[in-house]
Amino acid sequence: MNEANSQIPEQWQGLEEKPNILWICTDQQRSDTLGCYGNAFVRTPTIDKLASEGVLFEQAFAQNSLCTPSRGSFLTGRYPSTNRLRQNGQLCPPDIRILPKMLAERGYVCGLSGKLHLSPCDMRFQNTQTKDDWWRYKNDYYFWGTEKRLDDGYAEFYWNHAPGSGSNQYCSDYNRWVQERGGEIQYPKRGDCNSVVNGMPDELHQTTWAVDQAINFMQRHKDMHYPWLFSLNIFDPHPHFDPEPSFLEPYLNKLDDIPLPAYVDGENEKKPQHHQKEHGVVEWSDHDKKMMVAAYWAMCDHIDHHMKRLFDALEASGQKDNTIIIFHSDHGELLGDHNKSPKGPFLYDCSVRVPLIISWPGHIAQGKRVKGLVELTDIAPTLNDYLDLGEEGSMQGISLREVLEDPKDTEHVRENAYCEYHNSNPHKGQRIYLNMLRTETHKIIVAHSTNEGELYDLVKDPGEHHNLWDDPDYAAIKCDLLLQLSHRQAFTTDPLPERIGIY
Ligand SMILES: [Ca+2]
């Protein structure tokens, strides 16, 4: 080490060699919405190409079907109950450190566009006595402001929670950007269905804005003596179903071919009580259901269109080879399956199984598909491993480094995937507590609050329509799954604070 280098603080030495991180998280995108995940209708050539250049995880699971608990979980590598960030509307406790904060402490510059959603973005609770009575309070109680900033590590923070929603009207960077361009956020009705509205035109779309911020950031911080992380949080394909109109157009003459959502008549009657109470879906016509599916896919196609712009800009800036790209979503969407929408309190694969693709040219395998189960809690430990962050004491996921580097197929990664839904949303007075464990062949969900449950044989019933909880033929399997679930609950207690003495 020469004399000049010895002046650099230890944690900043070697910074120039560290990779950038482009961390893309879409909102509410289930895994079967991409060509590389087997959807023959959608047009997602850019994300398909990303998968061919990196590693695709066929069975990646979010730890909750809602934003805040899922995002808190993958940003820390810890479970929702460990983080005490179990519900939408909670404020992240001050001792919880997220990846961007850890990286900022080590010399990274970090930026974000879109939501972070580790703080409440809707304050209708604030002046109420009964905090589960949210639905009684209409727009008067919306919080209008930016979500409360945490000590989150972001040096640049271009915030937008949900385009067009109450909390965004005056304070979001996206709304300001639209206004500056002489536009107005509006979602005109369509004449041809009741389930879909027209989205914003491409030039004024939230996806366009969010990607613009990422491109500007990457260009500003190229050729610096420090690396960067950018969290690109796109709101689509989160409902409302409001695709950019020209992206919906190609589906309109294919509606006959689009399958209806998967539902078996009467299936919800044999499931826990909340399956009967929490419908969310409407008695829509078949036409409206197909239009909803088409709109959702069109929103995914539109994201792919902008991923091309993003990846082209990364390559043109000369940073592609030194950038880890992570593409995933925070949770899924029921999209009419089981006659329901949109997501929680349900832990079906369609609401918690998400796309997960990681690429890093020259460092990890190319075009590999991992069949084994992984969790979004595994992203942070993987980055911790590659970047020598020394944060393994707090993290509960596993590093996927070996899986990413081994060019062979990996059939088996984790024994099971685990989800927690601990009163995560207020369901009109119902306090719903669920724990889920999914193996490669079965899924069990315990509905603790009503002493009920769900058990699915995923080999015979991959669509999770037939609840076997009370089936005597599955008693031994149920017992084994409950034991595995009990182990997960024990091993997911908080590893912090670490022991610093024998006694
Ligand atoms: Ca979400």
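Scroll up to find the structure.
Please read these numbers as outputs of a predicted model, since none were measured by experiment. (Residues numbered from 1 in each chain as written. Predicted model: local features only at pLDDT ≥ 70, side-chain atom pairs only at ≥ 80, totals over all residues.)

S.K.: Just to check I follow, could you spell out the overall build of the protein chain for this structure?
M.R.: In terms of helices and strands, the protein chain carries 14 helices and 13 strands. Over its C-alpha trace the protein chain gives a radius of gyration of 22 Å, about what one expects of a compact globule, namely 23 Å for 503 residues. A principal-axis box enclosing the C-alpha atoms of the protein chain has dimensions of 75 × 65 × 50 Å. The burial tally for the protein chain puts 50% of its 503 residues in the buried class. Look at the contacts in the protein chain between residues 6 or more apart in sequence, and 70% of them connect residues 24 or more apart. (Helix = DSSP H or I, 4+ residues; strand = E, 2+ residues; numbered from the N terminus. Rg over C-alpha atoms; globule rule 2.2 N^0.38 Å. Buried ≥ 20, exposed ≤ 12 C-beta atoms within 10 Å, placed from the backbone. Contact = placed C-beta atoms within 7 Å.)

S.K.: Even after reading the chapter, I still don't get the nonpolar core, so can you show me in this structure?
M.R.: Generally speaking, soluble globular proteins have nonpolar side chains that are buried together. The biggest cluster of nonpolar side chains holds 121 residues, and the ones touching the most others in it are Trp23, Phe230, Leu232, Ala295, Tyr296 and Leu347. Among the elements that make up this core, the one with the highest residue count is helix α10 (residues 286-316) (15 residues). Sequence-distant contacts of Ala295, defined by excluding residues within four places in its chain, comprise Val196, Phe241, Pro243 and Leu248. (Core = buried A, V, L, I, M, F, W, Y, C linked by C-beta atoms within 7 Å.)

S.K.: What exactly am I supposed to notice about unusual backbone geometry here?
M.R.: Most peptide bonds are trans, and most residues other than glycine sit at a negative phi. The linkage connecting Pro239 with the following residue, His240, adopts the cis geometry, with an omega of 20 degrees. Inspection of the secondary structure puts His240 in the loop between β5 (228-233) and α8 (245-252). Residue Ser341 is joined to Pro342 through a cis peptide bond whose omega torsion reads 0 degrees. Inspection of the secondary structure assignment puts Pro342 in the loop between β6 (323-329) and α11 (349-352).

S.K.: Even after reading the chapter, I still don't get the environment of Phe41, so can you show me in this structure?
M.R.: If you trace the backbone, Phe41 turns up in the loop between β1 (20-26) and α2 (45-53). Distance from Phe41 to Asp301, taken between C-alpha atoms, is 10.0 Å for residues 260 residues apart in sequence. Setting aside residues no more than four positions away along its own chain, Phe41 makes contact with Ile258 and Trp297.

S.K.: Even after reading the chapter, I still don't get the sheet that holds strand β13 (residues 452-457), so can you show me in this structure?
M.R.: Either a parallel or an antiparallel arrangement is found when strands of a sheet pair, and the pairing is made through backbone hydrogen bonds. An order of β10-β11-β12-β13 is seen for the four strands of this open sheet, with the pairing classed as antiparallel. With partners counted over all chains shown, the strands left at the sheet margins are β10 (417-422) and β13, one partner each. When the angles between neighbouring strand axes are averaged without regard to direction, this sheet yields 10 degrees. Pairing of β10 with strand β11 (residues 433-438) involves six bridges; the strand directions are antiparallel. Bridging from a neighbouring strand, Glu420 pairs with Asn435 of β11. (Pairing = 2+ DSSP bridges. Axes fitted to C-alpha atoms, helices over the stretch in contact; angles between N-to-C directions.)

S.K.: What is the right way to read the environment of Asp301 from this model?
M.R.: In this structure, Asp301 sits in helix α10. Counting along the chain gives 257 residues from Asp301 to Thr44, while the straight-line C-alpha distance between them is 5.6 Å. Residues in contact with Asp301, not counting those within four places in the same chain, are Val42, Arg43, Thr44 and Phe247.

S.K.: For this particular structure, what's the right way to read the packing of α2 against α10?
M.R.: At a minimum axis separation of 7 Å, α2 and α10 run at an interaxial angle of 55 degrees. The orientation of α2 with respect to α10, classified from their angle, is oblique. Packed against α2, whose contacting residues are Pro45, Thr46 and Ile47, the element α10 presents Asp304, Met307, Lys308 and Phe311 at the interface. (Parallel < 35°, antiparallel > 145°, perpendicular 65-115°, else oblique.)

S.K.: So what exactly am I meant to see when it comes to the packing of helix α7 (residues 206-220) against α10 here?
M.R.: If you want to describe how two helices pack, look at the angle between their axes and the distance between the axes. Two numbers describe how α7 lies on α10: the axes approach to 10 Å, and their chain directions differ by 10 degrees. The pairing of α7 with α10 is recorded here as roughly parallel in orientation. For the pair α7 and α10, the contacting residues are Thr207, Thr208, Val211, Ala214, Ile215 and Met218 in the first and His302, Ile303, His306, Arg309, Leu310, Ala313 and Leu314 in the second. Of the residues that constitute the contact of α7 with α10, the class distribution is eight nonpolar, four polar and one charged. (Nonpolar A, V, L, I, M, F, W, Y, C, P; charged D, E, K, R; others polar.)

S.K.: Quick question: what am I supposed to make of helix α6 (residues 173-180) here?
M.R.: Note that an α-helix has 3.6 residues per turn; residues three or four places apart therefore point the same way. When α6 is considered as a whole, its buried residues turn out to be Tyr174, Asn175 and Val178. Along α6, the residues classed as buried sweep out an arc of 100 degrees about the axis, all on the same side. The outward face of α6, more than 90 degrees from its buried face, is lined by the exposed residues Gln179 and Glu180. One or two steps after α6, the chain reaches Gly182, where phi turns positive at roughly 75 degrees. (Arc of directions from axis to C-beta.)

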